[in-house]
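# Structure at a glance
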Amino acid sequence: MNKERVKALRKTLGANIRKARTRLAITQERMAEQLEMSPEVYGRMERGLIFPRVERLVDICEKLGVSSDQLLGLSVLEVAATPSVRQDEWLGLMQRLTPVMPRLTQPQRKAVRRHMTDFHRLLVTFTEPKPKAKRERRGRHPT
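To start, this report covers the structure provided alongside it. (Residues numbered from 1 in each chain as written. Predicted model: local features only at pLDDT ≥ 70, side-chain atom pairs only at ≥ 80, totals over all residues. Heavy atoms only, no water.)

### What about the environment of Leu13?
In this structure, Leu13 sits in helix α1 (residues 3-23). Take Leu13: its relative accessible area is 2%, and that puts it in the buried class. Expressed as a C-alpha distance, the spacing of Leu13 and Met45, which sit 32 residues apart in the sequence, is 8.2 Å. Residues contacting Leu13, with those up to four places away along its chain left out, are Phe51, Pro52, Leu57, Leu71 and Leu72. (Helix = DSSP H or I, 4+ residues; strand = E, 2+ residues; numbered from the N terminus. Buried < 20%, exposed > 50% of the residue type's maximum accessible area, 1.4 Å probe, protein only. Contact = heavy atoms within 4.5 Å.)

### Let's talk about the nonpolar core
Counting 19 residues, the largest nonpolar core has Ile17, Met31, Tyr42, Ile60, Leu64 and Leu71 as its most contacted members. Among the elements of the structure, α1, α2 (28-34), α3 (39-46) and α4 (54-64) are those that each provide at least two residues to this core. Residue contacts for Met31: discarding those within four places in its chain leaves Arg21, Ile26, Tyr42, Ile60, Lys63 and Leu64. (Core = buried A, V, L, I, M, F, W, Y, C linked by side-chain atoms within 4.5 Å.)

### Observations concerning the pattern of salt bridges
In this structure the tally under the stated criterion is 6 salt bridges. For the salt bridge of Lys63 with Asp59, the shortest nitrogen-to-oxygen distance reads 3.1 Å. Here Lys63 pairs with Asp59, and both are found in helix α4, just 4 residues apart, close to one helical turn. The partner of Glu62 in a salt bridge is Arg109, with the nearest N and O atoms 3.3 Å apart. With Glu62 in helix α4 and Arg109 in helix α8 (residues 106-127), this residue pair connects regions lying 47 residues apart in the sequence. Overall, Arg109 belongs to the buried group, its relative accessible area being 12%. Bridged by salt links that share partners, the residues Arg18, Arg21 and Glu46 form one connected network. (Salt bridge = Lys/Arg side-chain N within 4 Å of Asp/Glu carboxyl O.)

### Notes on the side chain of Arg109
Within the structure, Arg109 has its side chain in polar contact with the backbone oxygen of Leu104 (distance 3.2 Å). Leaving out residues up to four positions away in the same chain, Arg109 has contacts with Glu62, Met101, Pro102 and Leu104. (Polar contact = N/O pair within 3.5 Å; in protein donor to acceptor, adjacent residues only side chain to side chain.)

### Considering α3
Within the span of α3, buried status applies to Tyr42, Gly43, Met45 and Glu46. Take α3 and look down its axis: the buried residues cluster within an arc of 155°, on one side only. Its buried side turned inward, α3 meets α1, α2 and α4. (Arc of directions from axis to C-beta.)

### Considering a positive patch on the surface
Taken together, the side chains of Lys7, Lys11, Arg44 and Arg47 present a region of like positive charge at the surface. The residue Lys11 is located in helix α1 in this model. (Patch = residues over 30% accessible without salt bridge, like charges linked within 9 Å, V, L, I, M, F, W, Y side chains within 5 Å. Areas by Shrake-Rupley, 256 points an atom, 1.4 Å probe, with all protein chains shown as cover. Lys, Arg positive; Asp, Glu negative; His and termini not counted. Charge placed at Lys NZ, Arg CZ, Asp CG, Glu CD.)

And the structure:
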């Protein structure tokens, strides 16, 4: 991988970590504390100056409730993909869950994320405009 690609990937990762963290209304200091790292190192990671180790990236994904693909820019962050859901309501709910998540076991975290994803999909079905049904052409069909 060339140096420019690596630099761009670091910047994307840092920006997406920051975006996911701010959506959950977590401070850099609090996030660094949850990851058991210094705020200075965490800040450098968000600025795209350094890459986290794989183990740290997995931990970041768990704490933020996003996939590594999303953080690396290989897929779109879910909340950003569906702007019609009132983000302030969604974020309020996520803020209430944030302090609880670190105390849950791994299977409990997975269950919460699965249920939240299902709930998010359900919200989207209620808030997205209904697609107009295509009218069938009247007349004879060629045989």
